[in-house]
Amino acid sequence: MTARQGAPDDHAPLINPRFLYKLTAIAVVLAVLTALISLGGKWYGATLSLAGHTTSTEINDIFIGQDHLRLASNTIRFEEQRQTGIVERVDLYLTWPHMAGYSDETRQLFDDVNRPDALIFLQISQSTMSRDMSGRVEPIYRHLFEGEAQPGPAGLTLHNMKQNSGYGEEMLLTAPRGAEAPFAVRCIIPTSPKDATSADCQRDIHIGKDLVVLYRFSSQLLPQWQAIDEAVVKFVNEHLAP
């Protein structure tokens, strides 16, 4: 009996070779995509864990006004500032008390919001005022004091500011320094230590040819005010190019 015209061939393969090639190609593409997603996930996870930080110690030559600073990338707070060039300001963050930048060893200090006393923040820019905070105590701040001065930590004296002074809830803490202008720092003192932040207190100082360094730290560190002031001055001076 002859096969009926148009009837399927009993000896034809059940799976067309062309279909096999397409199936294999699809499997390869899926495997490649899976590998890329895995690698991308690892890269994204690593990037997310850094959260804008960097462990790079590459040196950036920062020029602000008449001053030249040489700063490692891992001490510079914002990614867009981690480059050589002329800038208006640079923002830094450093561990306390070691004054070190971000690294695998210090990662936890930068990420732990429950450790406001672990970091000190610096903002370095060109000076626009003839006097720093210490120099402004007598001509400006003294006229804004209200009420009796109170003893503060580690030899500091606490001065409340007038409500209409524009300083809100800030207080000025001062300490004599011999022939120098008195130490001065403005703070918002939380009612409870657990409410302290990493920027409760701020002080600005003049350094270099024409720089002002505004640094912030937690009120929990006020007993160490002398060590902090000396460490900030030392750090900036050590990173000023000759």
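Let me sum up the structure you'll find in this document. Residue indices begin from 1 for each chain and proceed along its sequence in written order. At least 70 in pLDDT is required for a residue's local features to be given in this predicted model, at least 80 for side-chain atom pairs to be given and counted, and no such filter applies to totals for whole chains, interfaces and linings, which use all residues. Values shown for side chains rest on all heavy atoms present in the structure; no hydrogens or waters enter the calculation.

Right, let's talk about the sheet that holds strand S3 (residues 85–86) for a bit. For two strands to pair, DSSP has to find at least two bridges joining them. Numbered from the N terminus, helices here are DSSP runs of H or I no shorter than four residues, and strands are runs of E no shorter than two. Taking strand neighbours across the sheet as the criterion, the three strands line up as S2-S1-S3 in an open arrangement whose pairing is mixed. In this open sheet, the two edge strands, each paired with only one partner strand, are strand S2 (67–72) and S3. Summarising the sheet, strand S1 (residues 59–64) and S3 pair through two bridges and their orientation is parallel. By the bridge assignment for S3, isoleucine 62 is matched with glycine 85.

For the purposes of this section, nonpolar cores are sets of buried Ala, Val, Leu, Ile, Met, Phe, Trp, Tyr and Cys residues that join through side-chain atoms within 4.5 Å. A 1.4 Å probe rolled over the protein chains alone gives each residue an accessible area, and that area as a share of the maximum for its type sets the label: buried under 20%, exposed over 50%, partly exposed in between. Core analysis: the largest hydrophobic core is formed by 36 residues, its most contacted members being Leu69, Val90, Leu122, Ile124 and Phe217. If you tally residues by element for this core, the top one is helix H3 (residues 225–238), at six residues. Two residues form a contact once any of their heavy atoms are found within 4.5 Å. Once residues within four sequence positions are removed from consideration, isoleucine 124 is found in contact with Ile64, Leu69, Glu88, Arg89, Val90, Leu92, Leu211, Val212, Val213 and Val236. Counting eight residues, the second largest nonpolar core, distinct from the first, contains Met133, Val137, Leu144 and Leu172.

Another aspect to go through is the environment of arginine 136. Tracing the backbone shows arginine 136 in the loop between strand S5 (119–126) and strand S6 (145–151). Spatially, the C-alpha atoms of arginine 136 and proline 182 are 9.6 Å apart, while their sequence positions differ by 46 residues. Filtering out sequence-adjacent residues up to four positions away, arginine 136 remains in contact with Met129, Arg131, Tyr141 and Asp204.

Two strands pair when backbone bridges link them, and S1 and S2 are joined in this way by six bridges, in the antiparallel orientation. Looking across to S2, one finds that asparagine 60 is bridged to leucine 71. Between S1 and S2, which follow one another and run antiparallel, lie two residues, and glycine 65 among them has a positive phi close to 60 degrees.

Here we come to H3. Helix length check: H3, at 14 residues, gives a terminal C-alpha distance of 20 Å against a target of 20 Å (1.5 Å per residue), a fit within 8%. Listing the buried residues of H3 in full gives Trp225, Ile228, Asp229, Ala231, Val232, Phe235 and Val236. Each buried residue of H3 lies within a common arc of 165 degrees when the element is viewed along its axis, so the set occupies one face. Exposed residues pointing more than 90 degrees away from the buried face of H3 are listed as Glu230, Lys234 and Glu238. Here a helix's expected span is defined as the number of its residues, less one, multiplied by 1.5 Å. The arc in question is traced by the directions running from the helix axis to the C-beta atoms.

What follows deals with the packing of aromatic side chains. Aromatic contacts are taken between Phe, Tyr and Trp rings whose centres are within 6.5 Å, Trp giving its six-membered ring; a plane angle under 30 degrees counts as stacked, one over 60 as edge-to-face, and the others as tilted. Following the criterion strictly, the structure yields five aromatic pairs and no others. When the centroid spacing of 5.2 Å and the interplanar angle of 75 degrees are considered together, the rings of tyrosine 102 and phenylalanine 110 count as edge-to-face. Relative accessible area serves as the criterion here: at 11%, phenylalanine 110 is assigned to the buried category. Look at tyrosine 141 and tyrosine 167: their rings are 5.8 Å apart centre to centre, the planes differ by 65 degrees, and that puts the pair in the edge-to-face class. Separated by 26 residues along the polypeptide, tyrosine 141 in the loop between S5 and S6 and tyrosine 167 in the loop between strand S7 (157–161) and strand S8 (171–177) bring together distant segments of the chain.

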